[in-house]
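The chain contents come next:
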Amino acid sequence: MADDRPGLLRIMKEDLDVVLARDPSMRNRREALLHAALPALWAHRVAHRLHLRGLRFIARAIAWYARRGTAVEIHPGAVLGRRVFIDHGAAVVIGETAVVGDDVTIYHQVTLGAVGWWSDNNRAVGERRHPVVGHDVVLGTNATVLGPVTIGEHAVIGAQALVNKDVPPGARVLAATAVIKAVGRAPQPMEDLYAVTASAGSW
């Protein structure tokens, strides 16, 4: 059966184009080449193809070097779709049996992980341990998705949300937002009037 996947260079060009399209701080392709997470994504594109050919050690070595340089850890066995955008990249982890659809946006500190060895060691060989993420999903900062769950297309997983159950298409999964509590008594400078616990990042 013929391989109908687009060529590697075409996919990598799409990766560069999506950085330019989704990151407003990038002004041109030259600048987009210096995007923090792009090398990790490109390294994975190469490592995954080597992994599929049985060259597991070389694939793992590429992933290891990419992690050292970018702080993004993507197992070579993970399947990433086209035009995946990893913003910032820092501390993103994507496990071996994870599947990420097309046009997915992943912010920093996102984990697509397994439940843990105490559960996964009892699974059948080859059984999925990590999430499947549908097309056009947004995964907010510090979102954690664990286990063989499915995130439906066009869903939004908000910043700091913990997900261990299936999410239907188009759903919004949002963690509790920060609570603002008044402290002290007026008259005080406005900057002293409220204690604010900030929530993490953007989505």
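For the protein, an unreviewed UniProt entry supplies the name Serine acetyltransferase and the organism Streptomyces cirratus. Taken directly from UniProt, the Sequence similarities (unreviewed entry) text for the protein runs: "Belongs to the transferase hexapeptide repeat family." One UniProt comment on the protein, placed under Pathway (unreviewed entry), says "Amino-acid biosynthesis; L-cysteine biosynthesis; L-cysteine from L-serine: step 1/2."

Caption draft 1: The overall build of the protein, seen in detail. A tally of helices and strands in the protein yields 6 helices and 16 strands. Considering only residue pairs separated by 6 or more positions, the protein has 39% of its internal contacts joining residues 24 or more positions apart. Here the protein displays about 11,600 Å² of accessible surface, and carbon together with sulfur accounts for 57% of that area.

Caption draft 2: Geometry of helix α1 (residues 8–22). Counted at 1.5 Å a residue, the expected span for α1 with its 15 residues is 21 Å, and the 21 Å between its end C-alpha atoms agrees. Inspection of α1 places Ile 11, Met 12, Glu 14, Asp 15, Leu 16, Val 18 and Val 19 among the buried residues, and these make up the whole buried set. Buried residues along α1 sit against α2 (29–32), α3 (38–52) and β3 (85–86).

Caption draft 3: Highlighting the packing of aromatic side chains. In the structure shown here, the tally under the stated rule is 2 aromatic pairs. Judged by centre distance (4.9 Å) and plane angle (80°), the ring pair of Trp 64 and Tyr 65 falls under edge-to-face. For Trp 64, a relative accessible area of 46% gives the class partly exposed. According to the relative accessible area criterion, Tyr 65 is exposed, its value standing at 56%. The interplanar angle of 75° and the centroid separation of 5.8 Å between the aromatic rings of Trp 117 and Trp 118 together place this pair among those described as edge-to-face.

Caption draft 4: Expanded view of a nonpolar patch on the surface. A contiguous nonpolar surface patch, about 330 Å² in accessible area, is contributed by Leu 55, Phe 57 and Ile 58. Note that Phe 57 resides in helix α4 (residues 56–70). Since its relative accessible area comes to 72%, Phe 57 is described here as exposed.

Caption draft 5: Layout of unusual backbone geometry. Although it is not a glycine, Ala 71 sits at a positive phi angle of roughly 65°. Examined against the element boundaries, Ala 71 turns out to sit in the loop between α4 and β1 (72–74). Located in the positive-phi region is Asp 136, a residue other than glycine, with phi close to 60°. When you line up the elements, Asp 136 lands in the loop between β8 (132–133) and β9 (138–139).

Caption draft 6: Broad picture of the nonpolar core. Ile 86, Ile 94, Ile 106, Leu 112, Leu 139, Ile 151 and Ile 157 are the most contacted members of the largest nonpolar core, which has 30 residues in total. Sorting the residues of this core by element identifies α3, β1 and β4 (92–94) as the ones contributing at least two each. Setting aside residues no more than four positions away along its own chain, Ile 106 makes contact with Val 84, Phe 85, Ile 86, Asp 87, Val 92, Ile 94 and Leu 139. Among the nonpolar cores identified, the runner-up in size contains 7 residues, and Val 18, Val 19, Ala 32 and Phe 85 belong to it.

Caption draft 7: Up close: the pattern of salt bridges. On inspection of all chains with the given rule, the structure shows 11 salt bridges. Arg 123 is the partner of Asp 120 in a salt bridge, and the nearest nitrogen-oxygen pair spans 2.8 Å. A salt bridge links Arg 123 to Glu 127, with the nearest nitrogen and oxygen atoms 3.7 Å apart. Each of Glu 14, Arg 22, Arg 82, Arg 83 and Asp 103 takes part in one network of salt bridges that share partners.

Caption draft 8: Examining the packing of α1 against α3 more closely. Packing of α1 against α3 brings their axes to within 11 Å, and their N-to-C directions diverge by 160°. Relative to α3, α1 is oriented roughly antiparallel. The handedness of the crossing between α1 and α3 is right-handed. Contacts between α1 and α3 involve Leu 8, Ile 11, Met 12, Asp 15, Leu 16 and Val 19 on the former and, on the latter, Leu 38, Leu 41, Trp 42, Arg 45, Val 46 and Arg 49. Its residues assigned to classes, the contact of α1 with α3 shows 9 nonpolar, no polar and 3 charged.

Basis of the calculations
- Residues numbered from 1 in each chain as written.
- Predicted model: local features only at pLDDT ≥ 70, side-chain atom pairs only at ≥ 80, totals over all residues.
- Heavy atoms only, no water.
- UniProt positions renumbered as here; feature names shortened; annotations may be inferred.
- Helix = DSSP H or I, 4+ residues; strand = E, 2+ residues; numbered from the N terminus.
- Contact = heavy atoms within 4.5 Å.
- Areas by Shrake-Rupley, 256 points an atom, 1.4 Å probe, with all protein chains shown as cover.
- Expected span 1.5 Å × (residues − 1).
- Buried < 20%, exposed > 50% of the residue type's maximum accessible area, 1.4 Å probe, protein only.
- Phe/Tyr/Trp six-rings, centres within 6.5 Å; stacked < 30°, edge-to-face > 60°.
- Patch = residues over 30% accessible without salt bridge, like charges linked within 9 Å, V, L, I, M, F, W, Y side chains within 5 Å.
- Salt bridge = Lys/Arg side-chain N within 4 Å of Asp/Glu carboxyl O.
- Core = buried A, V, L, I, M, F, W, Y, C linked by side-chain atoms within 4.5 Å.
- Axes fitted to C-alpha atoms, helices over the stretch in contact; angles between N-to-C directions.
- Parallel < 35°, antiparallel > 145°, perpendicular 65-115°, else oblique.
- Left-handed = near helix turned anticlockwise from the far one by under 90°.
- Nonpolar A, V, L, I, M, F, W, Y, C, P; charged D, E, K, R; others polar.

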